[in-house]
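# Examining the three-dimensional arrangement
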Amino acid sequence: MLGALLYLRLHSLRNKVVQRVLRLRQPKYLMGTAVAVAYFYFFLFRRNPAAGPSSALAAQAISGVGSVATAAICAVACAAALVRIAFAWIAPADKPGLRFSEAEIAFLFPAPITRRALIHFRLLSAQAAILFTSVLIAVFFNRSGYLGSHRAIHAVGWWIILSTFDLHMNGTNLTLSRLRETSPHFRMWRLGVVTAIVAYAAALFYSGIGRVSAYLSGPDSSQAAPEAFLRQLSESPAFHWLTLPFRIVLSPYFATGPGEFLAALAPALILLALHYHWVSSTEAHFEEGSIAMAEKRAAAREAALRGEMPKLGGSRPKARPGPFPLAAKGPPEIAFLWKNLLSMRSALFGRRALVILMMLMVWAAAAIGPLSRGGGRGGVVAPIVVVCSAMVAGYTVLLGPQIARQDLRGDLPNADILKTYPLEGWRLALGELLAPTAILTAILWCTIIACSAAVDADGAIEWLTPGIRVTVALSMASAAPFLCLIQLIVPNSIMVLLPGWYQASRSRTGGIEMFGQRLIFGVVQLFFALLVAVPAAGAAALVVFSSQWVFGIGPSVVLAALAVLAILSSEAVLGLWWLGRRFEKFDLSTESK
Amino acid sequence: MIEVEALAKRYGSFTAVRNLTFSVRPGEVLGLVGPNGAGKTTTLRCLSGIIPPTSGSVRVAGHDLSADPVSAKRALAFFPDEPRLFDYLTVRQHLAFVARIYGVADHESLATPLLQELELDGKADALPGELSRGMKQKLVIACGLLHSPSVMFFDEPLTGLDPLGIRRMKDSIVRRAQAGAAIVLSSHLLHLLEEVCTNVLILKKGEKVADGTLAGVSAQFSNGEAGVSLEEIFIRATGGSEG
């Protein structure tokens, strides 16, 4: 069994490497590889002494920040793991199974192999990926080095964390499968486990939140040493015992020396062995679930290749009413908006998406709550809202077009049909881009509303009257759709101009060359964002500066907004016209050869 | 109705279609036949405006496809061999979407009999994922017929249809031709072409080998023999080799 697995893995790896090396003859892969190698060299491997913590003071400062950041990252990671485990019990698959590829199912399931051997095959297969990931993370994320440990210790630490989690999820799936088969009280079992997880999470939260609140609202919180606070927190008996399972798993990673590492390794390996025993001794029929999982993953991969947004949970599409009634007469662009919004509904308003949104809101409320009690509302919460909104707005403008792909990119497989429609190219392009533009604009509008409410919440800026605030917000809101539209024209133009590059970059095969290609696309997107924004921003600044002395701030902001709208709309019209012309001449059969 | 003049399509150094000239008048059904790789699908895609020809001209319903593609496309419908549908639109929503694109005002009154004719009326609210391949093919046909095109291009129209569906498809093609439509269909099913087509165009390696009425082409390759089948004519015309 082990021999067969090794044969499969080693030959697959060798063929994969050979294939990757051979395809470097194509410029798109060669260029992607060169960019990725340059990136890793400059940002990860190349040590810059001037930027490092050379002085003792800097090292101390980084150490303080590091311990708090590490604790925060651990808390978030553990919470995410807990949520993932709870979710497996709350919404289990119809047929829980183990992760096998379709080819593995085709060859191994009918083969004369015991079920236990199949489980071992699955665990060993996962180990290959886990070992590779552990080494990779240890190499890449050890550069800052504030944890003061060795790369080998970090690699083993990561291996324990990932292996334990993998075994736990496999054990959960097998247990669910077993319970579904054998227990008439399957729902009661699930309810019981979920209740236990929720009770555990609540106990954990309340055992720590009191001390966190006291620390944040204390008069000398800014002066208190983060390490002292963390020590205090861990000395709380309830918190200490409740976090024990997580600390056992995480301790080897955080060991600062070989002695501490070996001491932490023993309990972690015992926990790992217990998990292994759980998985290997659970008798359950996982075959049907594994087949369903493999089919779902294959469908998701196909969808990704079609450029569709990854679906949360990978559920089958459902028939839904349109987002609005589509009249038979009217601009045909609206039909594309209607169609693309309809196809985005499950991703935007699906049950799981709403559950995740609600969890994020609870998390945000839990995080902001203690802060808002600590100081004046405007003083503490407002800057956080402004910064978060600005970050979301930035990500929406720069990364949103890469994620919201329900446009020409999503309809690439239907290009034949689209080209038979009696529409000019620019109208087809506009129609296809309307839905993602609407989605991204809605997000930008939310950030503008939040920012306009939170900026200078204490009223320190004299000239920022409510009227000016609303005027600026409305001006920015009116420019948002054009900005989003232009940003969406960029990746669609890349797709039409270089479909070979586009198809390679959207495939999920990964690899360093893909990483490089995505970097190139990211840089192109950023370049165009600047190219579009700089003239508009310059014009706005010029108009405000030259006219505010004559008309006052309010009217000058309106004039600036009109100038920005004129520039952005001209750019959008030009971009749409060009994209439409390119799509009219677009010949996928030529490009795919 | 369809006028093709010196049509050529090249992919780099490879010529898929060269110097193709023919016409299809209202009421005619032209069968496009040829071995694999002869350039049938490329020709159909050029005729329907999906890919631009390298040279030559195509006029559809009096409109030049290069100069006035919108007017030309308003008159045509293309039916691909592989049904391409929007995953999240139901059967009914597909028809509503297409109606808006082509500006078909009374699409609901047209859609109902069309769905009945194609036996899709029970699946009006189903997504493509819930349809069999044959049903998907029927939906593509329904979408294509909704705006009552006067020019139709079928690429392997019978693929995936059951025997009854094949019979209905053949009847539908003949009926629409009798109503004045100009139709081009490509297929490897030569008995279908014998039953449905008025004219035939044989392609080999991107070039026209024969073009004309079934009787005319038969006479050209029958060597004076009587009752020679289209299959035999096809083999004689193409030399029995790959495209």
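Read on for an overview of the structure. (Residues numbered from 1 in each chain as written. Chains lettered and ligands numbered in written order. Predicted model: local features only at pLDDT ≥ 70, side-chain atom pairs only at ≥ 80, totals over all residues. Heavy atoms only, no water.)

## A short note on the side chain of Gln 406 of chain A
Tracing the backbone through its elements, the reader meets Gln 406 of chain A in the loop between helix H16 (400-403) and helix H17 (415-420). Take Gln 406 of chain A: its relative accessible area is 9%, and that puts it in the buried class. (Helix = DSSP H or I, 4+ residues; strand = E, 2+ residues; numbered from the N terminus. Buried < 20%, exposed > 50% of the residue type's maximum accessible area, 1.4 Å probe, protein only.)

## Some thoughts on the pairing of strand E9 (residues 199-204) of chain B
All names here are of chain B. In terms of burial, E9 is largely enclosed, as five of its six residues are buried. Taken together, the four bridges between strand E3 (residues 29-33) and E9 define a ladder with parallel strand orientation. Considered in E9, the bridge of Val 33 is made with Ile 202. As paired elements, E9 and strand E10 (residues 207-213) share six bridges and run antiparallel to each other. Within the sheet, the bridge partner assigned to Leu 201 lies in E10 and is Asp 211. Between E9 and E10, which pair antiparallel one after the other, the connecting turn spans two residues, and Lys 205 there sits at a positive phi close to 50°. (Pairing = 2+ DSSP bridges.)

## Remarks on empty space enclosed by the protein
For the coordinates displayed, the defined rule picks out four cavities of 30 Å³ or more. By volume, the largest cavity amounts to about 210 Å³. Looking at the largest cavity, it is lined by 17 residues, and the ones nearest its centre are Ile 417 and Tyr 421 of chain A together with Val 140, Cys 143 and Gly 144 of chain B. Where the lining of the largest cavity is concerned, the elements lending two or more residues are H17 of chain A together with strand E6 (76-79), helix H3 (91-102) and helix H5 (133-145) of chain B. Among the elements that take part in the lining of the largest cavity, H3 of chain B stands out by supplying four residues, more than any other. When grouped by side-chain class, the residues that make up the lining of the largest cavity number 12 nonpolar, four polar and one charged. (1 Å grid on protein atoms, 1.4 Å probe; cavity = no way out; pocket = protein on both sides within 12 Å on 5 of 7 lines; lining within 4 Å. Points joined across faces, edges and corners; volume = space filled by probe spheres on them. Nonpolar A, V, L, I, M, F, W, Y, C, P; charged D, E, K, R; others polar.)

## Quick look at the nonpolar core
Ranked by internal contacts, the top residues of the largest apolar core, which has 98 residues, are Tyr 421 of chain A together with Phe 97, Ile 183 and Leu 185 of chain B. The element best represented in this core is helix H19 (residues 466-497) of chain A, accounting for nine residues. Those residues in contact with Ile 183 of chain B that lie beyond four places of it in its chain are Val 24, Glu 28, Val 29, Leu 30, Met 152, Phe 154, Ile 173, Arg 176 and Ala 177 of chain B. Counting 29 residues, the second largest nonpolar core, distinct from the first, contains Tyr 11, Cys 46, Leu 76 and Phe 78 of chain B. (Core = buried A, V, L, I, M, F, W, Y, C linked by side-chain atoms within 4.5 Å. Contact = heavy atoms within 4.5 Å.)

## Structural notes on the sheet that holds E9 of chain B
All names here are of chain B. Spatially, the six strands line up as an open sheet ordered E6-E7-E8-E3-E9-E10, and their pairing is mixed. Two strands close off the open sheet at either side, each with one partner strand: E6 and E10. Averaged over all pairs of adjacent strands, the angle between strand axes in this sheet comes to 15°, irrespective of strand direction. Pairing of strand E7 (residues 151-155) with strand E8 (residues 182-186), which is carried by five bridges, proceeds in the parallel orientation. Residue pairing for E8: Phe 153 is matched across the bridge by Val 184. Running at roughly 175° to E6, H5 makes contact with E6 and E7 of the sheet. The sheet strands contacting helix H9 (residues 230-238) are E3, E9 and E10, and the helix crosses E9 at an angle near 35°. (Axes fitted to C-alpha atoms, helices over the stretch in contact; angles between N-to-C directions.)

## Quick notes on the sheet that holds strand E1 (residues 2-11) of chain B
Residue and element names in this part refer to chain B. Taken in spatial order, the four strands of this open sheet run E2-E1-E4-E5, and their pairing is antiparallel. Either end of the sheet is taken by a strand with one partner, and the two such strands are strand E2 (14-24) and strand E5 (63-64). Against the sheet, helix H1 (residues 40-47) contacts E1, E2 and strand E4 (55-60), and its axis sits at roughly 120° relative to E1.

## Considerations on the packing of helix H10 (residues 244-254) of chain A against helix H11 (residues 258-281) of chain A
All names here are of chain A. It is at 8 Å that the axes of H10 and H11 come closest, and there the two elements cross at 140°. In terms of orientation, H10 and H11 fall into the oblique class. Crossing hand, H10 versus H11: left-handed. Along the contact surface, H10 presents Pro 245, Ile 248, Val 249, Ser 251, Pro 252 and Phe 254, while H11 presents Glu 260, Phe 261, Ala 264, Leu 265, Pro 267, Ala 268 and Leu 271. When grouped by side-chain class, the residues that make up the contact of H10 with H11 number 11 nonpolar, one polar and one charged. (Parallel < 35°, antiparallel > 145°, perpendicular 65-115°, else oblique. Left-handed = near helix turned anticlockwise from the far one by under 90°.)

Such coordinate-based values are descriptive only and should not be taken to indicate function.
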